[in-house]
Amino acid sequence: MYANISLPVSMVQLENLNLPHIYVYPTLIITTLLYMVTMFCNMMVLLSIACCKELHQPMFILLFSLPISDMIGTTAFLPQLLWSIVTQYRSIPYTACITQAFLIHIYGMGNLLILSIMAYDRYTAICFPLRYNEIMSPLTLVKMILLVVFLLACLPGLDPACPQRFDPACLLLFVLQMRLPHCKSVIMNVFCDNPSLLKLTCANTTINNVVGLFNTAVIQAVSLSVQAFSYVKILIACMVSRRSEAKMKAINTCVAQLMILAIFEFVATFTILSHRFNTVSADLQKIMGMLIFLIPPLLNPIVYGLYTGEIRNAPLRIIKKRSISV
């Protein structure tokens, strides 16, 4: 549809949603409401943790980073989509496309690592309650946060000017992406991501694909290993425990969190792998890709935040304290 459109080198064209005219405004209203609800729920979790001193504990300090990651991901995607629905203008500056792809990458990888640390925290609290404060000390929290930053920033990137040399910094994958020659201007997707950007280049991208898959495999292996270990240990501890109330609460929490993880993993893995196979339907690829930014950012603050009694009751405690002080 857009193959004959001539664009400046600095601009790229995203694929159209191909919405019938009758569905444009309903889609715009629903998507806007979804974005507002998602941002509100995540902000509620952030404000509750920040303003309530009772929540300044390791579990909630770790949880604080999840809404930030979700807000980065959904903001990197939805406002640009809303703008394109309103204006029907699908062109985007190439540098803005690179930025969107980088933020989406940070959101996806960051969520997996944060959920891993949170799973380990719950494992420690349930399996070693008496040693919890010792194990999850402030120093341990700092080390965990630095580990997340290290894995996000220091997985190997590849310098195309010297293919034999691997440079540390995940950001380099996107910085160097801009140096690759590109002979196409149409991205076969409704948003920018690294695989879609690679399809614009005229150069051989085999090594880039290998590096990208390697990065993804490392993050997935670390994340899934930690979460599988943690949740299996938690479920075993719950089965052995004689406290039926505590057992059911822990099991319900684990099941809810595992469901969110399963949805995120399935959609993300399908989207990543679908770019490597031409047999996958383009419409299915678009739908699955969009679900990554619609479902987890909305459900995460509910399951991990508002579903937790301490956070759910925090706004009421804050209001009561302020009313008393006044």
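Thresholds, definitions, all that
- Residues numbered from 1 in each chain as written.
- Predicted model: local features only at pLDDT ≥ 70, side-chain atom pairs only at ≥ 80, totals over all residues.
- Heavy atoms only, no water.
- UniProt positions renumbered as here; feature names shortened; annotations may be inferred.
- Helix = DSSP H or I, 4+ residues; strand = E, 2+ residues; numbered from the N terminus.
- Phe/Tyr/Trp six-rings, centres within 6.5 Å; stacked < 30°, edge-to-face > 60°.
- Buried < 20%, exposed > 50% of the residue type's maximum accessible area, 1.4 Å probe, protein only.
- Disulfide = S-S within 2.5 Å.
- Pairing = 2+ DSSP bridges.
- Contact = heavy atoms within 4.5 Å.
- Axes fitted to C-alpha atoms, helices over the stretch in contact; angles between N-to-C directions.

Named according to an unreviewed UniProt entry, the protein is Olfactory receptor originating from Takifugu rubripes. Recorded under Subcellular location (unreviewed entry), the UniProt text for the protein is reproduced unchanged: "Cell membrane". According to UniProt, the comment filed for the protein under the heading Sequence similarities (unreviewed entry) is "Belongs to the G-protein coupled receptor 1 family."

Quick notes on the UniProt feature "transmembrane region" (unreviewed entry) in the protein
Here, UniProt's "transmembrane region" (unreviewed entry) annotation points to residues 22-47, 59-78, 98-120, 141-158, 217-238, 250-275 and 287-307. The span residues 98-120 is 100% helix and 0% strand, and its two end C-alpha atoms sit 33 Å from each other.

Quick look at the packing of aromatic side chains
With the rule as written, the count across this model stands at seven aromatic pairs. Summarising the aromatic geometry, the rings of Phe77 and Phe191 are spaced 5.5 Å apart at their centres and angled 85° between planes, so their arrangement reads as edge-to-face. Of this pair, Phe77 sits in helix α2 (residues 58-87) while Phe191 sits in the loop between β5 (186-187) and α7 (194-198), and the two are 114 residues apart along the sequence. As far as burial versus exposure is concerned, Phe77 and Phe191 are alike and both buried. Measuring from centroid to centroid gives 4.7 Å for Phe77 and Phe293, while their planes differ by 25°, and the two rings are stacked. With a gap of 216 residues between them, Phe77 in helix α2 and Phe293 in helix α10 (residues 282-294) connect regions that are remote in the sequence. A residue is classified by how much of its surface remains accessible, and Phe77, at 0% relative accessible area, is buried. Exposure remark for Phe293: the relative accessible area of 2% places this residue in the buried category. Through successive ring pairs, a cluster of aromatic residues spans Phe77, Tyr107, Phe191 and Phe293.

Considering the state of the cysteines
Using the criterion set out here, one finds one disulfide in the structure. Put simply, Cys97 and Cys192 are joined by a disulfide, and their sulfur atoms are 1.9 Å apart. Judged by the sign of its S-S torsion, about -110°, the cystine formed by Cys97 and Cys192 is left-handed. In this pair, Cys97 is assigned in helix α3 (residues 94-127) and Cys192 in the loop between β5 and α7, connecting sequence segments 95 residues apart. Assigned by exposure class, Cys97 and Cys192 land together as buried. Just so you know, Cys52 is unpaired, no disulfide at all, and the nearest cysteine sulfur is the one on Cys51, 8.6 Å from it.

Considering the sheet that holds strand β1 (residues 11-14)
Reading across the sheet, the three strands line up as β2-β1-β5 and stay open at both edges, with mixed pairing between neighbours. Two strands close off the open sheet at either side, each with one partner strand: β2 (91-93) and β5. Strand direction decides the pairing type here: β1 and β2, joined by three bridges, are antiparallel. Bridge pairing links Val12 to Ile92 in β2. Here α3 sits on the sheet and contacts β1, β2 and β5; the angle it forms with β2, its principal contact strand, is near 85°.

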